[in-house]
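Given next are the chains, with one letter for each unit.
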Amino acid sequence: MPIEDIVHPFLKFYTAAPQWVKSSLGHVYSMAPTRLRYGAKYDEFQAEINRCNDVAWTARRADEKLLATLRWAIETVPAYAHLKGALAEVRDPSDATRLLAAFPLLEKESLKADSTRYLSNKMGPETHLMAFTGGSTSVPMKLYLEKYVSRSKDFAYNSTFDTVAGVGSGDVILALRGRSVPGAGKPGGSLWMYDPIKRYLHLSSDHLEAQYMPGYVEAIAKWKPTIIHAFPSALVPLAHWFKANPAPELVARIRAVQLFSENVYDYQVELIREVFGCPVLLDYGHSERAVKAISLLDDSRYFFWPLYGKVELVDNDGRAITEPGVIGEIVATGFDNRVMPLIRYRTGDLAMWSKAPNTIRPGFAVVERIEGRLQEFLVCRDHRLVSICTIGAAHFEQLASADMMQFEQDAPGKATLKVMSDTELTPRARAALAAGVLAKTQGGLDIEIVRVDGIPRTGSGKHKLLVQRLDLSGYLGAAHIERESDSAGTL
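Looking at an unreviewed UniProt entry, one finds the protein chain named AMP-binding protein, with Massilia genomosp. 1 as its source organism.

Here it is in structure tokens:
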């Protein structure tokens with residue numbers, strides 16, 4: 001039984017503790033053996049990952065895992081019981097892809113409307129690991145992972161991504177991934193905190209304006225990080241600062257930058273490479289743990305792990321896209337979650353199969369780039385910029401029952417949160433949500449919550465999490481906005 005799953009509910013108390021508590025307690029915990037922290041399943045996933053260079057074995061194993069997932073879903077999940085006839089026609093794992101095509105596409109709205117239909121009746125509540133998603137999409141919802149399995153799997157694959165990036169046991173990692181730093185918004189409060197468990201130097205993602213950068217630089221000089229983990233939109237302001245205020249003794253230490261969670265624009269990668277002079281690697285994953293992809297040191301395309309889950313691309317009518325160069329929606333079938341197996345789950349993200357040959361990772365599905373994760377900012381009352389992905393990273397529980405949400409802003413420090421649901425949020429839920437956003441933005445943003453009957457789609461059929469009516473060129477700089485706009489129009 002992995003310790004990580006047991007202690008995870010107490011993470012918020014650890015994060016809020018004084019630095020000396022994190023330093024001492026975290027140091028002791030970091031010395032626990034990997035197997036004890038992540039459990040036996042971690043070793044199993046690592047063993048699978050290590051065999052992925054065997055193309056024939058990986059293809060067979062992927063078929064086996066896909067068939068096992070589909071069989072389990074049909075036999076134990078009410079929503080898929082009608083497919084027992086299709087399962088009866090399956091002779092061996094090579095038929096798994098054909099069986100998958102018999103499953104309907106799974107919309108997020110359907111999952112939210114009656115999530116119990118998608119839960120296995122063979123997995124008791126003690127196996128359920130509740131999760132919330134909605135960080136960069138407009139459809140917040142509650143879902144279930146498998147306790148003692150899903151997190152171990154994620155740790156194994158994230159560890160492999162670190163290995164690809166060259167992260168060593170002694171590296172300190174500069175982290176700009178939406179973490180709020182307790183007290184950062186108070187006069188004289190620290191803009192950083194250090195976590196010795198992951199060796200993370202967390203910089204506040206809520207203070208991305210120029211006047212706060214010297215505080216960030218001071219922390220970097222003290223802790224000497226050699227790797228960066230970041231949301232692209234959070235790292236770009238720091239990169240701009242270093243470009244205008246060179247500090248070669250600090251940036252020269254950085255050996256690799258790993259970017260997570262957001263759509264990444266070419267200009268951002270170019271800027272980061274220019275400033276830090278190192279490889280920039282990209283990660284694609286989501287809270288649902290259905291599919292996962294990374295870029296490589298010598299190839300910036302996204303390579304999907306074949307034993308993590310099955311990836312498809314479909315057009316607007318749900319038809320499979322197989323030819324390269326055609327934009328489609330990423331559809332994911334996750335492995336290793338018996339509690340709520342997500343089959344042909346529509347992610348809302350867009351991509352296209354790569355035309356170039358895959359000689360680096362044969363057997364891995366490859367896409368050119370991934371769109372659909374909007375990098376937009378809300379403007380705080382003191383004109384600080386906070387990424388919408390940073391706010392969404394909180395996965396506010398009060399919105400789990402909402403059908404959809406959307407922020408709208410036309411004045412600094414104020415925004416409207418439109419919540420599409422059949423019922424009004426309770427006064428208590430409204431207050432908690434408003435307080436959560438205020439805390440997440442370090443006192444920078446008040447929100448008015450309104451219930452709406454509908455939220456319009458964009459011309460491409462997607463929902464926008466943020467409708468920003470302010471001219472951000474006055475905050476980020478006109479050149480930055482122009483280049484972001486230019487890059488956003490291409491795939």
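Moving on from the coordinates now.
1. Overview of the overall build of the protein chain
Across its full length, the protein chain holds 18 helices and 20 strands. Classification of the 491 residues of the protein chain by burial places 56% in the buried group. Once local pairs closer than 6 in sequence are excluded, the contacts in the protein chain between residues at least 24 apart make up 69%. Split by element, the accessible area of the protein chain, about 21,000 Å² in all, is 54% carbon and sulfur.

2. A look at the nonpolar core
Grouped together as the largest cluster of nonpolar side chains are 61 residues, with contacts concentrated most on Leu203, Leu235, Leu238, Phe242 and Phe276. The biggest single contributor to this core is helix H12 (residues 232-244), with 6 residues. Excluding residues that lie within four positions of it along the chain, Leu238 makes contacts with Leu174, Leu176, Leu203, Met213, Tyr216 and Ile220. Listed in part, the 32 residues of the second largest apolar core include Ala79, Leu87, Leu106 and Ala131.

3. Regarding the pairing of strand E18 (residues 414-420)
The element E18 is extensively covered by neighbouring structure, given that 5 of its 7 residues are classed as buried. Where E18 and strand E19 (residues 446-452) come together, 7 bridges link them in parallel fashion. Each residue of the ladder has a partner; that of Lys418, found in E19, is Val450. After leaving E18, the chain enters helix H16 (residues 427-440) and then returns to the sheet as E19, a path that is right-handed.

4. Thoughts on the sheet that holds strand E8 (residues 280-284)
Strand order in the open sheet formed by 12 strands is E4-E5-E3-E6-E7-E8-E9-E10-E14-E13-E12-E11, and the pairing between neighbours is mixed. Every interior strand has two partners, whereas the edge strands, strand E4 (192-195) and strand E11 (309-314), have only one. Going across the sheet, the axis of each strand differs from the next one's by a mean of 35°, ignoring polarity. The pairing of strand E12 (residues 328-334) with strand E13 (residues 345-353) spans 4 bridges and is classified as antiparallel. Residue Val331 lies in a different strand from E13, and its bridge partner there is Arg346. Along the sheet, helix H11 (residues 213-223) makes contact with strand E3 (173-176), E4 and strand E5 (200-203), crossing E5 at roughly 175°.

5. Focus on the side chain of Glu312
On the secondary structure map, Glu312 appears in strand E11. Judged by relative accessible area, which is 14%, Glu312 ranks as buried. At a separation of 3.1 Å, a polar atom in the side chain of Glu312 contacts the side chain of Arg344. Discounting residues that sit within four places of it in the chain, Glu312 has contacts with Leu100, Glu329, Ile330, Val331, Arg344 and Trp353.

6. Some remarks on unusual backbone geometry
In this structure, Asp336 is a non-glycine residue whose phi angle is positive, near 70°. Note on placement: Asp336 falls in the loop between E12 and E13. Unusually for a residue other than glycine, Gln442 sits at a positive phi of about 55°. Within the secondary structure, Gln442 is located in the loop between H16 and E19.

7. Considerations on the pairing of E12
Along any regular strand, the residues point their side chains to alternate faces of the sheet. In terms of burial, E12 is largely enclosed, as 7 of its 7 residues are buried. Two elements, E11 and E12, share 6 bridges in a ladder whose sense is antiparallel. Its bridge partner lying in E12, Lys310 is registered against Thr333.

8. Comments concerning the environment of Val164
As for its placement among the helices and strands, Val164 is situated in helix H10 (residues 150-165). Note on Val164: relative accessible area 17%, which makes it buried. Each C-alpha atom of the pair Val164 and Ile294 lies 9.4 Å from the other, and the pair is 130 residues apart in sequence. Once residues within four sequence positions are removed from consideration, Val164 is found in contact with Leu281, Ile294, Ser295, Leu296, Leu297 and Arg361.

9. Notes on the packing of aromatic side chains
Counted according to the given criterion, the structure contains 12 aromatic pairs. With centroids separated by 5.0 Å and ring planes inclined at 55°, the aromatic side chains of Tyr80 and Phe103 adopt a geometry described as tilted. Note that Tyr80 is positioned in the loop between helix H6 (55-76) and helix H7 (84-88) and Phe103 in the loop between helix H8 (96-100) and helix H9 (108-113), a separation of 23 residues in sequence. Side by side, Tyr80 and Phe103 carry an identical accessibility label, which is buried. One aromatic cluster is present, built from ring pairs that chain together Tyr157, Trp305, Tyr308 and Phe364. The side chain of Lys153 reaches across the aromatic face of Tyr308, ending 4.0 Å from its centre. Stacked on the ring of Trp72, the Lys or Arg Arg338 has its end atom at 6.0 Å from the ring centre.

10. What about the packing of H12 against helix H14 (residues 266-276)?
Contact geometry for H12 and H14: axes closest at 9 Å, N-to-C directions at 45°. As judged from the angle between their axes, H12 and H14 are oblique. The hand of the H12/H14 crossing is left-handed. Contact residues: Pro232, Ser233, Leu235, Val236, Ala239, His240, Phe242 and Lys243 in H12; Gln268, Leu271, Ile272, Glu274, Val275 and Phe276 in H14. Residue composition of the contact of H12 with H14, by class: 9 nonpolar, 3 polar and 2 charged.

11. Considerations on the side chain of Arg384
Here Arg384 lies in the loop between strand E15 (377-379) and strand E16 (385-387). Relative accessible area serves as the criterion here: at 2%, Arg384 is assigned to the buried category. Here Asp382 takes part through its side chain, which lies 2.9 Å from a polar atom of the side chain of Arg384. Residues within four places of Arg384 in sequence aside, it is in contact with Asp206, His207, Glu209, Tyr212, Leu378, Val379, Thr441, Gln442 and Gly444.

Rules of the game
- Residues numbered from 1 in each chain as written.
- Predicted model: local features only at pLDDT ≥ 70, side-chain atom pairs only at ≥ 80, totals over all residues.
- Heavy atoms only, no water.
- Helix = DSSP H or I, 4+ residues; strand = E, 2+ residues; numbered from the N terminus.
- Buried < 20%, exposed > 50% of the residue type's maximum accessible area, 1.4 Å probe, protein only.
- Contact = heavy atoms within 4.5 Å.
- Areas by Shrake-Rupley, 256 points an atom, 1.4 Å probe, with all protein chains shown as cover.
- Core = buried A, V, L, I, M, F, W, Y, C linked by side-chain atoms within 4.5 Å.
- Pairing = 2+ DSSP bridges.
- Right-handed = clockwise from strand over helix to strand, strands pointing away.
- Axes fitted to C-alpha atoms, helices over the stretch in contact; angles between N-to-C directions.
- Polar contact = N/O pair within 3.5 Å; in protein donor to acceptor, adjacent residues only side chain to side chain.
- Phe/Tyr/Trp six-rings, centres within 6.5 Å; stacked < 30°, edge-to-face > 60°.
- Lys NZ or Arg CZ within 6 Å of the ring centre and 35° of its normal.
- Parallel < 35°, antiparallel > 145°, perpendicular 65-115°, else oblique.
- Left-handed = near helix turned anticlockwise from the far one by under 90°.
- Nonpolar A, V, L, I, M, F, W, Y, C, P; charged D, E, K, R; others polar.

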